[in-house]
Amino acid sequence: MKKYLRSIALCLAMVLMLGLTTSCGGGGTDGRTIIRIGHNQSENHPTHKGLTAFQEFINEKLGDRYDVQVYPSELLGSQTDMVQLTQTGAIDFVVASNAILETFNKTYEIFNLPYLFVSTEAYHHVMDDPDIVGPIFSATKESGFYGCTWIDAGTRNFYTKDTPINSPDDLKGLKIRVQQSPTNVMMMDLLGGSASPMGFGEVYTSLQAGIIDGAENNEMALVDNGHGEVCKFYSYDMHQMVPDILLVNAEFLDNLPADERAIFEEGFKIVNQVEREAWVDAVAEAKDYAENVQKVEFLYPDPAAFQEKCLPLHQTVLDNNPALQPVYDAIMEYNKEYPPQTDAAE
Ligand code: GCU
């Protein structure tokens, strides 16, 4: 079934791409410019809700000039494909995980570090600080896109088909899907598991086919992507808080007249607010469904054992990319100000 849906999605993407090449950069059929936003989540997901609010806002304020269209569920391709489409201007916006962005620009490595933030509060304050994220979001101008705002993607934890993960030792010999990021591969090496980098859309079938033994993500993936149908153990080791980033084609943003640009900037804030408000309830509902309907068992190991294995990665990444040091230091200050949560799963 999934395969069938995927082929339909691919066909649709090809049809759209043919359309894109004819309408991009110019007007739609009624003279309005079509703005296409791609993402890889379902229509129930907080990301889609944030983008739909943006769509409504722009269509309300600038509907005589623009027609914003949101394409969920990898309809325009995988996340990496969609970032490339945004780079070239074939589409205008994409939501991409920070994880895959480090291969486009090394500055993004910083938010891929495991156990970078000691609490959700520290994480949110850092991501809300324009002095920290501003230079990162604009560092990719050379690569053809900017970050517009960040989107909460919760905390990433391991989940597996048959093996409960209570300590890093339990990961030994297991093939775990990670996002396509060198930092994630290094993290899995340090933890003792075997990293299988692949796109999000391939995870469900790979789990089902036994190509991988587990994956790592927030709780939404269990329910929204069906991973909880196959994986029966979800283990709160709390290894990463990796944000999603709304990216825009640089030329598109740079060419907007000042008054329109101001409205778009307001719209970016709406994406962030609406998504974050929806996030907390969405995760609680997903956890409830996973536990009671999918019968996923939630485990609460001591994250310290995992953290100890991963921490050397901070120095490795900083040694290889010393430009990150000031950002890292600023994040450590936020960590002091917003100390660890006592109950990891709350
Ligand atoms: C999360 C994140 C996505 C990402 C996915 C993944 O769902 O929000 O942007 O693609 O994880 O693991 O690939």
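Our subject is the structure that appears above.
Residues numbered from 1 in each chain as written. Predicted model: local features only at pLDDT ≥ 70, side-chain atom pairs only at ≥ 80, totals over all residues. Heavy atoms only, no water.

### Notes on the site of the ligand
Part 1 of the reasoning: Around the ligand, the neighbouring residues are N40, Q41, Q79, S97, A153, R156, R177, Q179, F200, N217 and D244.
Part 2 of the reasoning: Within the side chain of R177, a nitrogen or oxygen atom sits 2.6 Å from an oxygen atom of the ligand.
Part 3 of the reasoning: One of the side-chain N or O atoms of D244 is found 2.6 Å from an oxygen atom in the ligand.
Part 4 of the reasoning: In isolation the ligand has 320 Å² of accessible area, and contact with the protein removes 97% of it.
Part 5 of the reasoning: Structurally, the shell around the ligand is a two-domain feature, drawing no fewer than three residues from each of domain 1 (2–153 + 242–283) and domain 2 (156–241 + 294–337). (Near = heavy atom within 4 Å. Polar contact = N/O pair within 3.5 Å; in protein donor to acceptor, adjacent residues only side chain to side chain. Areas by Shrake-Rupley, 256 points an atom, 1.4 Å probe, with all protein chains shown as cover. Domains from an automatic or database assignment.)

### Remarks on the packing of aromatic side chains
Part 1 of the reasoning: The full count for this structure, using the stated rule, is 18 aromatic pairs.
Part 2 of the reasoning: Relative to Y234, the ring of Y159 has its centre 5.8 Å away and its plane inclined at 15°; by these criteria the two rings are stacked. With Y159 in strand β5 (residues 156–160) and Y234 in strand β9 (residues 233–240), the pair connects residues that are 75 residues apart, well separated along the chain.
Part 3 of the reasoning: Taking relative accessible area as the criterion, Y159 reaches 1% and is therefore assigned buried.
Part 4 of the reasoning: Here Y236 and F298 contribute two aromatic rings whose centre-to-centre distance is 6.0 Å and whose plane-to-plane angle is 25°, an arrangement assigned as stacked. A residue pair is termed long-range when its members are at least 10 positions apart, and Y236 in strand β9 and F298 in strand β11 (residues 297–299) qualify at 62 residues. (Phe/Tyr/Trp six-rings, centres within 6.5 Å; stacked < 30°, edge-to-face > 60°. Helix = DSSP H or I, 4+ residues; strand = E, 2+ residues; numbered from the N terminus. Buried < 20%, exposed > 50% of the residue type's maximum accessible area, 1.4 Å probe, protein only.)

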